[in-house]
Amino acid sequence: AEEHYPELEVIVTDGQNETARQAQDVEDLLARGIDLLLISPLTSEGLTDVVQKVLDAGIPVVALDRTVDTEVTSYVGAENKPMGVASADKLAEMTDGKARIVEVQGTAGTSATIDRHDGFAEQIGAEYPEMEIISTQYCDYLRENAMTFMEDTLQRFGPGEIDAIYAHNDEMALGALEAIKA
């Protein structure tokens with residue numbers, strides 16, 4: 001923006017992975033008289049009201065990667081539910097449709113987490129009766145959280161009782177892998 005649109009003032013805030021802080025940041029930006037809000041909502045539900053307030057003020061909102069529970073001006077992000085379906089299909093292909101799966105979910109309440117889980121679970125339920133999710137936990141899309149969860153999970157289940165891991169992002173997959181290697 002600085003290089004191509006020097007007339008724009010870009011204000012960046014960091015919600016530090018806290019919904020309440022992110023909502024307060026948006027309130028502060030609204031008070032500063034912004035002309036456009038770009039937001040990657042930590043949680044859908046927790047940011048819906050403040051995003052609606054911005055929209056009601058006539059300010060366009062672009063949601064990045066995650067949605068809120070109201071229609072925004074524009075959304076830029078992945079098709080998360082189809083990603084979950086495709087992950088289930090690929091895992092079924094890799095395991096001949098028979099697997100006990102540990103699911104490492106992202107952040108509770110985020111649209112990406114909900115859609116990736118729902119697409120995966122619905123596809124397994126509809127197409128793969130010999131596949132089941134045997135353990136799951138929210139790990140906030142963080143490697144260290146996934147590693148801790150996987151360490152605990154490996155203690156709960158004996159050798160041969162886990163066939164596959166489904167992680168909602170690369171960082172968590174790498175954390176689970178580190179725990180398995182250890």
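Structure's up top.
None of these values were measured; they are calculated from a predicted model. Per-chain numbering applies: the sequence of each chain, read as written, is numbered from 1 onward. Confidence filtering applies because this is a predicted model: local features only for residues at pLDDT of at least 70, side-chain atom pairs given and counted only at 80 or more, and all residues used for totals across whole chains, interfaces and linings. For the side-chain quantities, the full set of heavy atoms in the structure was used; hydrogens and water were omitted.

**What to know about the sheet that holds strand β6 (residues 164–167)**
So the rule is basically this: Any two strands with at least two DSSP-identified bridges between them are counted as paired. Secondary structure elements follow DSSP: runs of H or I of four or more residues count as helices, runs of E of two or more count as strands, with numbering from the N terminus. Note on geometry: axes are C-alpha line fits, over the in-contact stretch for helices, and angles between N-to-C directions span 0 to 180 degrees. Any two residues whose heavy atoms approach within 4.5 Å at even a single point are treated as in contact.
Pairing is parallel in the open sheet, where three strands are placed in the order β5-β4-β6. In the strand order of this sheet, the two ends are held by β5 (131–138) and β6, each with one partner. Neighbour to neighbour, the strand axes of the sheet diverge by 25° on average, direction disregarded. Looking at chain direction, strand β4 (residues 99–105) and β6 are connected through four bridges and run parallel. Its bridge partner lying in β6, Val102 is registered against Ile165. Across the sheet, helix α3 (residues 80–95) is in contact with β4, β5 and β6; its angle to β5 comes to roughly 130°.

**Brief notes about the pattern of salt bridges**
Let me state the cut-off plainly: By salt bridge we mean one thing: a side-chain nitrogen of Lys or Arg within 4 Å of a carboxyl oxygen of Asp or Glu.
This structure, assessed with the given rule, holds eight salt bridges. Two residues, Arg32 and Glu9, come together in a salt bridge whose shortest N-O distance is 3.9 Å. With Arg32 in the loop between α1 (19–31) and β1 (37–39) and Glu9 in the segment before α1, the pair connects residues that are 23 residues apart, well separated along the chain. The network of salt bridges with shared partners includes Arg143, Glu171 and Glu178.

**Here we look at the packing of aromatic side chains**
Heads up, the rule is: Paired rings are identified among Phe, Tyr and Trp, the last through its six-membered ring, by centres lying within 6.5 Å, and are further divided according to the angle between planes into stacked (under 30 degrees), edge-to-face (over 60) and tilted (the rest). The buried label goes to any residue with under 20% of its type's maximum accessible area, the exposed label to any with over 50%, and the partly exposed label to all in between, with areas taken from a 1.4 Å probe on protein chains only.
Enumeration over the complete set of coordinates arrives at one aromatic pair. For the ring pair Phe120 and Tyr166, a centre distance of 3.9 Å and an interplane angle of 15° mean the geometry is stacked. Within this pair, whereas Phe120 is found in helix α4 (residues 111–127), its partner Tyr166 is found in strand β6, the two being separated by 46 residues in sequence. For the pair shown, Phe120 and Tyr166 are each scored as buried.

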